[in-house]
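Reading the structure
Take a look at the letters that make up each chain.
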Amino acid sequence: MPRSPFRTRRPRTLTAVAAATLATALAVLSAPTAALAWGPGTEPAQPYAQPSMPTVPKRGCQSTVANPAAPTGATPAVQVIYAWHDGVGNNYEANVEYIAKVVDRIDWALDESTNYDQHYNFSCRTGYDTSTYAGYARSLVVPEKIDAGANPNTPASTVRSDLISAGYQDSNRIYLVFTDFASNSDAYQCPSGGNSSGVHCSAVTESWTTGVAGHELLHVLGAGHAWMAETGASYVPDIMYGWWDNWNTDPGFRSYYDPSELSASFYIDPSPSTAKVNVANHPMLTAPVCCDVGANNDLLTAEQRTVEAATPGSSTSTFTTSGGWHQVTPACGISTNSCTYFDGRRSVQLNTYTGPSNTSSISLTNRATVTAGRTYKLFTRLRSGTAVNTQLQLAWYNSGGTLLSTSTGATDTLASNWLEYRTTATAPANAASVRITVNVPPQSTTGNQAINLDSLQLNDCTANTGGTCRYDT
């Protein structure tokens, strides 16, 4: 049986900006269609603006078949469908090129999210000259009538049932459906943790935008809603939650997607769920290849970010402590879970005695490789049950392991809830590696303190598109 669908509702309003963009960029939307309460919407623009509609890169076809409802060949691929019914009419010719551009944007957004080259596989049909955009769009996007569709609203479940009856349930396909009528946007994940395809493996959307359509398609591939903290609170700067502003995929490489480390997988829902996935392994995607230029270039491993491999209460060689001692935060509630974590199931706890003459620190044991002159940004989530002052530090070393200098961020007073702290610095001349440290300087009060550390990330800002660092939370 398929998992229950994730559901995303979007306002069914065509904005003036979207209508103008559509008319001027592609001139494919007829006036009657433009007045309807679905279709194009405002495109997300974080962490930076997407290409304009005419210039967004064309993805192209990775599988070409004579009959999209009965494809042949072994290449797993996404089939794009334009769905219509008699209550609104068939506006395929007016909308097909716009929908194809949205699909191109979805692929661009995935590839641009990281400094890894990775793309969707798309299925096209024969009989069109794909060297022209008009032919490519009509080959990529297949029109299908929803016989059971009716106004004022046709549920996505009805759309899905109609398409299954028409044969769209192949084991080598996932279906991305754009409805030209009022419906809800939702997605059914495939069985086996999302890494398969076939019946029920489909995303249906009435909102023709990169944010919503890309969000629903990633659900089908196995991604959950991006979340953070023990309460499962939302993580907004991510297409899997903040799709209205953000097109980027898992900017922290800690929730559901990491093309740099295919052996890693991540808990996609808060405790007590044990579902894990790394969408980058999905057969509908090409194998990720390093390195191109994208929005995010993180230099840490999954274990350094989320401390998933070590047992709660144990020590871990991933970290080194001075002036105190550390452990993986002890378990509570569910025996395999740390008592306090930001995301995943683990955090690290630094135990220290503070006072006017005492200092302590916790560092990543291994140093990340850096390039002199490049700008780097360190992120981490910290919390403490008492008001403890901390500083983030980047210590720069040359190729021989000699300390060159240390860049120290602002002094921050921790709170009892998880907050993200960050500091930015430029690697000095001759720098070859950097050591990441959370420093506890002398405090005005004394006592035993416990500081929880999680969700580390080291971003190579210079390597990112436009020199932009990861979008802050």
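Our subject in this report is the structure included herewith. What you are looking at is a predicted structure, and each value in this text was computed from that prediction instead of being measured.

Conventions we followed
Residues numbered from 1 in each chain as written. Predicted model: local features only at pLDDT ≥ 70, side-chain atom pairs only at ≥ 80, totals over all residues. Heavy atoms only, no water. Buried < 20%, exposed > 50% of the residue type's maximum accessible area, 1.4 Å probe, protein only. Helix = DSSP H or I, 4+ residues; strand = E, 2+ residues; numbered from the N terminus. Pairing = 2+ DSSP bridges. Disulfide = S-S within 2.5 Å. Axes fitted to C-alpha atoms, helices over the stretch in contact; angles between N-to-C directions. Parallel < 35°, antiparallel > 145°, perpendicular 65-115°, else oblique. Left-handed = near helix turned anticlockwise from the far one by under 90°. Contact = heavy atoms within 4.5 Å. Phe/Tyr/Trp six-rings, centres within 6.5 Å; stacked < 30°, edge-to-face > 60°. Lys NZ or Arg CZ within 6 Å of the ring centre and 35° of its normal. Expected span 1.5 Å × (residues − 1). Salt bridge = Lys/Arg side-chain N within 4 Å of Asp/Glu carboxyl O. Polar contact = N/O pair within 3.5 Å; in protein donor to acceptor, adjacent residues only side chain to side chain.

Observations regarding the pairing of strand S10 (residues 202–205)
Because side chains alternate across S10, one face comprises the buried residues Ser202 and Val204, and the other comprises Ala203 and Thr205, equally buried. Relative to S10, strand S8 (residues 173–179) runs parallel, the two being bridged by four bridges. Residue pairing for S10: Phe178 is matched across the bridge by Thr205.

Considerations on the state of the cysteines
Applying the stated criterion to the full structure yields three disulfides. With a sulfur-sulfur separation of 2.0 Å, Cys61 is cross-linked through a disulfide to Cys124. The S-S bond linking Cys61 to Cys124 shows a torsion near -80°; that makes this disulfide left-handed. Here Cys124 lies in strand S6 (residues 123–125) and Cys61 lies in the loop between strand S2 (39–40) and strand S3 (63–65), a separation of 63 residues in the sequence. Disulfide pairing places Cys290 opposite Cys291 at an S-S distance of 1.5 Å. Between Cys290 and Cys291 the disulfide shows an S-S torsion of about 55°. By sign, it is right-handed.

A word on the packing of helix H3 (residues 92–112) against helix H6 (residues 210–221)
One way to put it is that H3 packs onto H6 with a least axis distance of 9 Å and a crossing angle of 65°. It follows from the interaxial angle that H3 and H6 lie roughly perpendicular. For H3 against H6, the interelement crossing comes out right-handed. Here H3 contributes Val102, Arg105, Ile106 and Ala109 to the contact with H6, which in turn contributes Thr210, Ala213, Gly214 and Leu217.

What about the packing of aromatic side chains?
Overall, the coordinates contain eleven aromatic pairs when judged by the stated rule. Judged by centre distance (5.3 Å) and plane angle (70°), the rings of Tyr48 and Trp247 are edge-to-face. Separated by 199 residues along the polypeptide, Tyr48 in the loop between S2 and S3 and Trp247 in the loop between strand S13 (233–234) and strand S14 (266–267) bring together distant segments of the chain. On the basis of relative accessible area, Trp247 is assigned to the buried category, the value being 0%. If you follow Arg345 out to its NZ or CZ, it ends over the ring of Tyr267, 4.2 Å from the centre. Its guanidinium or amino end placed over the ring of Tyr397, Arg367 lies 3.6 Å from that ring's centre, counting from NZ or CZ.

Quick notes on H6
Quick reminder: α-helices carry 3.6 residues per turn. Residues three or four places apart thus point the same way. Helix length check: H6 (twelve residues) gives 16 Å between terminal C-alpha atoms against 16 Å at 1.5 Å per residue, within 8%. Taking burial as the measure, the twelve residues of H6 include twelve buried ones, the bulk of the element. When H6 is considered as a whole, its buried residues turn out to be Thr210, Gly211, Val212, Ala213, Gly214, His215, Glu216, Leu217, Leu218, His219, Val220 and Leu221.

So, the environment of Glu216
Among the secondary structure elements, Glu216 is positioned in helix H6. The sequence separation of Glu216 and Gln189 amounts to 27 residues, and the corresponding C-alpha distance is 9.5 Å.

Concerning the pattern of salt bridges
Here the structure, examined in full by the defined rule, presents 13 salt bridges. Two residues, Lys145 and Asp86, come together in a salt bridge whose shortest N-O distance is 2.9 Å. Note that Lys145 is positioned in strand S7 (residues 141–145) and Asp86 in the loop between strand S4 (77–84) and H3, a separation of 59 residues in sequence. We classify Lys145 as partly exposed; its relative accessible area is 31%.

So, the environment of Gly224
Tracing the backbone shows Gly224 in the loop between H6 and strand S12 (227–228). For Gly224, a relative accessible area of 2% translates into the label buried. For the pair Gly224 and Val277, spaced 53 residues apart in sequence, the C-alpha to C-alpha distance is 9.2 Å.

Focus on the side chain of Asp186
Note that Asp186 resides in strand S9 (residues 185–188). Residue classification places Asp186 among the buried residues on the basis of a relative accessible area of 1%. Polar contacts involving the side chain of Asp186 include one to the side chain of Arg160, which spans 3.0 Å.

Focus: H3
The terminal C-alpha atoms of H3, which comprises 21 residues, lie 29 Å apart, in line with the 30 Å expected from a rise of 1.5 Å per residue. The buried fraction of H3 is high, at 20 of 21 residues.

Observations concerning the pairing of strand S29 (residues 447–460)
Counting buried positions along S29 gives twelve out of 14 residues, so the element sits mostly inside the fold. One ladder, built from eight bridges, connects strand S24 (residues 375–384) with S29; its direction is antiparallel. By the bridge assignment, Tyr376 is partnered in S29 with Asp460.

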